[in-house]
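The residues making up each chain are set out below.
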Amino acid sequence: MLKQKILSMLIAACLASTGCARTQGRDKESAKEKKQTVMKSKEEWKQELDPEVYHIMWEGGTERAFTGKYWSHKGDGLYLCASCKAPLFDSKTKFKSGSGWPSFWQPIDSNAIDLILDKSFGMIREEVVCAKCGGHLGHVFNDGPEPTGLRYCINSASLEFKSR
Ligand SMILES: [Zn+2]
């Protein structure tokens with residue numbers, strides 16, 4: 001009888017802990033799924049995209065400063081997600097930051113991007129991802145110009161420019 005009681009307690013404890021872990025995972029997933037409408041596996045993206053674009057957007061890579069195709073790019077148009085082609089930034093909000101990466105003070109729409117807390121490399125930063133496909137774009141910092149004071153520091157490889 002006692003044995004049975006201990007056993008059932010163990011099972012309950014076990015269920016509680018795995019249940020909790022699963023709920024946390026699910027919360028994270030559902031938060032992502034809310035807006036995300038393009039669901040592809042990394043394998044699928046790997047087959048579709050340029051190796052560099054794949055590395056930066058789906059393996060969390062960063063292009064070296066002053067090497068991307070858009071850091072000093074000028075032109076009137078929209079910058080789309082290089083993976084799913086969703087419009088992300090307007091050239092009207094692009095500014096010269098001196099960082100060597102394309103910089104914007106505002107996304108085209110607050111629903112176009114998602115922000116995720118990024119604690120890698122011993123820094124606390126906010127990662128910017130495409131809301132539609134979840135691909136990595138860059139980071140946002142609060143040292144940008146007016147009117148938002150924000151600097152969306154984005155990899156050129158994550159973007160595709162389309163003239164207006
Ligand atoms: Zn996308």
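Basis of the calculations
Residues numbered from 1 in each chain as written. Predicted model: local features only at pLDDT ≥ 70, side-chain atom pairs only at ≥ 80, totals over all residues. Helix = DSSP H or I, 4+ residues; strand = E, 2+ residues; numbered from the N terminus. Buried ≥ 20, exposed ≤ 12 C-beta atoms within 10 Å, placed from the backbone. Contact = placed C-beta atoms within 7 Å. Pairing = 2+ DSSP bridges. Axes fitted to C-alpha atoms, helices over the stretch in contact; angles between N-to-C directions.

Asks: Mind laying out the environment of Phe 161, listing which residues take part and the relevant values?
Replies: Tracing the chain through its elements places Phe 161 in strand 9 (residues 159–163). Residue classification places Phe 161 among the partly exposed positions, given that 16 C-beta atoms sit within 10 Å. Once residues within four sequence positions are removed from consideration, Phe 161 is found in contact with Tyr 70, His 73, Gly 75, Gly 77 and Tyr 79.

Asks: Describe the pairing of strand 5 (residues 113–118), listing the residues and the values that go with them.
Replies: As judged from the six bridges shared by strand 5 and strand 6 (residues 125–130), these two strands associate in the antiparallel manner. Paired with Leu 115 across the strands is Val 128, a residue of strand 6. What sits between the antiparallel neighbours strand 5 and strand 6 is a turn of six residues, in which Phe 121 has the positive phi angle 55°.

Asks: Explain the environment of Lys 96 residue by residue, including any values.
Replies: Note on placement: Lys 96 falls in the loop between strand 3 (94–95) and strand 4 (103–104). Once the C-alpha coordinates of Lys 96 and Ser 72 are considered, the two residues, 24 residues apart in sequence, prove to be 7.5 Å apart.

Asks: Give me the lowdown on the pairing of strand 6, citing residues and values where you can.
Replies: Of the pairings in the sheet, the one linking strand 6 to strand 7 (residues 136–141) comprises four bridges and is antiparallel in character. Within strand 7, the position partnered with Glu 126 by the bridge is Val 140. Here strand 6 hands over to strand 7 after five residues, with Gly 134 in that stretch at a positive phi of 85°.

Asks: An account of the sheet that holds strand 2 (residues 87–90) is requested, with residue identities and associated values reported.
Replies: Hydrogen bonds along the backbone pair up the strands of a sheet, which may run parallel or antiparallel. In space, the three strands of this open sheet follow the order 2-1-9, with antiparallel pairing throughout. Either end of the sheet is taken by a strand with one partner, and the two such strands are strand 2 and strand 9. On average, each strand axis in the sheet is tilted by 35° relative to the strand beside it, whichever way the strands run. Two strands pair when backbone bridges link them, and strand 1 (residues 77–81) and strand 9 are joined in this way by five bridges, in the antiparallel orientation. Paired with Gly 77 across the two strands is Ser 163, which belongs to strand 9.

Asks: Give a detailed account of the environment of Leu 78, specifying residues and quantitative values.
Replies: Within the secondary structure layout, Leu 78 lies in strand 1. You can call Leu 78 partly exposed: it has 18 C-beta atoms within 10 Å. Distance from Leu 78 to Ser 91, taken between C-alpha atoms, is 5.8 Å for residues 13 residues apart in sequence. With residues up to four places along the chain from it excluded, the contact list for Leu 78 reads Pro 87, Asp 90, Ile 108, Lys 162 and Arg 164.

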